Amino acid sequence: DVPRDHTDIISTVEFNHTGELLATGDKGGRVVIFQREQEVSGGECKILTPPFGVRFVLELLKFSKNQIHRRGEYNVYSTFQSHEPEFDYLKSLEIEEKINKIRWLPQQNAAYFLLSTNDKTVKLWKVSERDKRPEGYNLKDEEGRLRDPATITTLRVPVLRPMDLMVEATPRRVFANAHTYHINSISVNSDYETYMSADDLRINLWNFEITNQSFNIVDIKPANMEELTEVITAAEFHPHHCNTFVYSSSKGTIRLCDMRASALCDRHTKFFEEPEDPSNRSFFSEIISSISDVKFSHSGRYIMTRDYLTVKVWDLNMENRPIETYQVHDYLRSKLCSLYENDCIFDKFECVWNGSDSVIMTGSYNNFFRMFDRNTKRDVTLEASRENSKPRAILKPRKVCVGGKRRKDEISVDSLDFSKKILHTAWHPSENIIAVAATNNLYIFQDKVN
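As the structure is a prediction and not an experimental result, all values here were calculated from the model.

Peer 1: What should I look at first to understand the overall build of the protein chain in this one?
Peer 2: Across its full length, the protein chain carries 2 helices and 32 strands. Considering the protein chain as a whole, with its 450 residues, one finds that 50% of them fall into the buried category. Contacts in the protein chain between residues far apart in sequence, at least 24 positions, make up 56% of those at least 6 positions apart.

Have a look at this one:
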């Protein structure tokens, strides 16, 4: 159920590099971090604290029998307010607090660092633990009030006393005032010194240490805004080459740029576009070809893109067409008119790779999400819902019936709920554990554990 104030709706989900932490951001500007507990005996399932949902067990892509399973649950580790609503007085515009994206930095010490962004401002947060407190100050009393130096007759050596574990989130950097338009992507570079932020018309490169200056590396804003034909929809750095990045557009094209070529990457190095099939041409062609997400594979060899109806996999060495195309919900092709009227056609679905790049996952409507195995070419539709929320329940594949006689376990395309949509998903970097955000519920599924 959608909350009345909508602030609990999850707007982004992201595992850290080890998969031990899982961060979610919501429309209210909050970040909730879940931590994976160490292995628990009996493998009991727990319910995540409201407003989040329940943990399930997913039977898909079975592990080999000799693999060790760690059955630790994800529990709330830290919650903090990342962004507050603001007002731009010059433009008379409200700036939403909604978290658009979260990106983790690799862990270098005991603390964790993550980037979070709303429409205008990126923040670098440090999340650290404290289990000791200093006591025995000379110039302060136990309540922290300053003492009169004249009353101090002896000197004490302050000591550290154990205390209950506290997890603190502190903003270390605030990167502001660099975007005229709404930020849709942030991506940490593989040099871990820089990151980029992309809005509708520009991409900026930042150094983590410098908050008052960024370099504009892509600018597609025309001199006359009436000549504007496309906008940037997503951008990401290559996982291994710090000079290479891609960005996608609302025209269904992907541009790969090399920062070694020039300071301003307006001229792309590679241009990926699939020729349109004239037989599928319709009034909605341009809208449904807009790319909502772009992701490099972990290997760096492939790019995955998501448009309204399909997921495509591109080889970096072949620009003229994708090597794989997967239909996510082709049964909606006949419903585009009503989806246009209720604005669902503009929904921005994300897509993710599994740790070995062999399976891809993306969301759909009716709280359905889809998985495609690239090797076996098998695919499955699963549902994240409270109805089958028994712990350790095995998810049953769902089927959508387009026309004709409907079987008992099928759901008719006319009875799909378009208000229940899975836009944001994440896959553990090395295990078959997935996180699925369904409105204001977070579901964590894992591979079947015997």
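Peer 1: Would you mind showing me how to read unusual backbone geometry here?
Peer 2: Peptide bonds are, in most cases, trans, and in most cases residues other than glycine have a negative phi. Within the chain, Asn-177 stands out as a residue other than glycine whose phi angle is a positive 60 degrees. If you trace the backbone, Asn-177 turns up in the loop between β11 (159-175) and β12 (185-188). The class for Asn-177 is exposed, based on a relative accessible area of 81%. The phi torsion at Asp-343 lies on the positive side, around 70 degrees, for a residue other than glycine. Mapping Asp-343 onto the fold places it in the loop between α2 (336-341) and β24 (351-353). For Asp-343, a relative accessible area of 48% puts it in the partly exposed group.

Peer 1: Just checking my understanding: could you explain the side chain of Asn-354 for this structure?
Peer 2: Positionally, Asn-354 belongs in the loop between β24 and β25 (359-363). On the basis of relative accessible area, Asn-354 is assigned to the buried category, the value being 5%. For Asn-354, the contacting residues outside a window of four places in its chain are His-298, Val-359 and Trp-427.

Peer 1: Help me understand the sheet that holds strand β18 (residues 254-258) in this model?
Peer 2: Within a sheet, adjacent strands bond to each other through the backbone by hydrogen bonds, running parallel or antiparallel. Reading across the sheet, the 4 strands line up as β16-β17-β18-β19 and stay open at both edges, with antiparallel pairing between neighbours. If you trace the sheet from one side to the other, it starts and ends with β16 (232-237) and β19 (270-272), each paired once. Mean inter-strand twist for the sheet, computed between neighbouring axes without regard to direction, equals 20 degrees.

Peer 1: I tried to follow the pairing of strand β27 (residues 379-383) on my own but got confused; where do I start?
Peer 2: Here is the key point about a regular strand: its side chains alternate between the two faces of the sheet. Counting buried positions over the 5 residues of β27 gives 4, a clear majority of the element. Here strand β26 (residues 368-373) runs beside β27; their pairing, made up of 5 bridges, is antiparallel. Pairing of Phe-372 across the sheet is with Asp-379, part of β27. Between β26 and β27, which pair antiparallel and follow one another directly, the connecting turn spans 5 residues, one of which, Lys-377, has a positive phi of 65 degrees.

Peer 1: Honestly, the packing of aromatic side chains in this entry has me stumped. Any pointers?
Peer 2: Working definition: an aromatic ring pair is given by the centre-to-centre distance plus the angle between the planes. Within this structure, the stated rule accounts for 22 aromatic pairs. Ring centres of Phe-175 and Tyr-195 lie 5.2 Å apart, and the angle between their planes is 75 degrees; this geometry places the pair in the edge-to-face category. Linking Phe-175 in strand β11 with Tyr-195 in strand β13 (residues 194-198), this pair joins segments that are 20 residues apart in sequence. Residue classification places Phe-175 among the buried positions, given a relative accessible area of 1%. The exposure class assigned to Tyr-195 is buried, which follows from its relative accessible area of 0%. On the numbers, 5.6 Å between centres and 55 degrees between planes, the contact of Phe-284 with Tyr-340 is tilted.

Peer 1: What am I meant to see in the pattern of salt bridges here?
Peer 2: A side chain of one charge can pair with a side chain of the opposite charge when the charged atoms of the two come close. Taken as a whole and assessed by the stated rule, the structure comprises 25 salt bridges. With a closest N to O distance of 3.4 Å, Glu-168 and Arg-130 form a salt bridge. Residue Glu-168 is found in strand β11, and its partner Arg-130 is found in strand β10 (residues 122-135); the two are separated by 38 residues along the sequence. A relative accessible area of 24% places Glu-168 in the partly exposed class. The salt bridge involving Arg-173 is made with Glu-209; its shortest N-O contact spans 2.7 Å. Residue Arg-173 is located in strand β11, and its partner Glu-209 is located in the loop between β14 (202-207) and β15 (215-219); the two are separated by 36 residues in the primary sequence. Of the residues examined, Arg-173 reaches a relative accessible area of 21% and is grouped as partly exposed. Three or more residues joined by partner-sharing salt bridges are found here, namely Asp-8, Asp-26 and Arg-30.

Rules of the game
Residues numbered from 1 in each chain as written. Predicted model: local features only at pLDDT ≥ 70, side-chain atom pairs only at ≥ 80, totals over all residues. Heavy atoms only, no water. Helix = DSSP H or I, 4+ residues; strand = E, 2+ residues; numbered from the N terminus. Buried < 20%, exposed > 50% of the residue type's maximum accessible area, 1.4 Å probe, protein only. Contact = heavy atoms within 4.5 Å. Pairing = 2+ DSSP bridges. Axes fitted to C-alpha atoms, helices over the stretch in contact; angles between N-to-C directions. Phe/Tyr/Trp six-rings, centres within 6.5 Å; stacked < 30°, edge-to-face > 60°. Salt bridge = Lys/Arg side-chain N within 4 Å of Asp/Glu carboxyl O.

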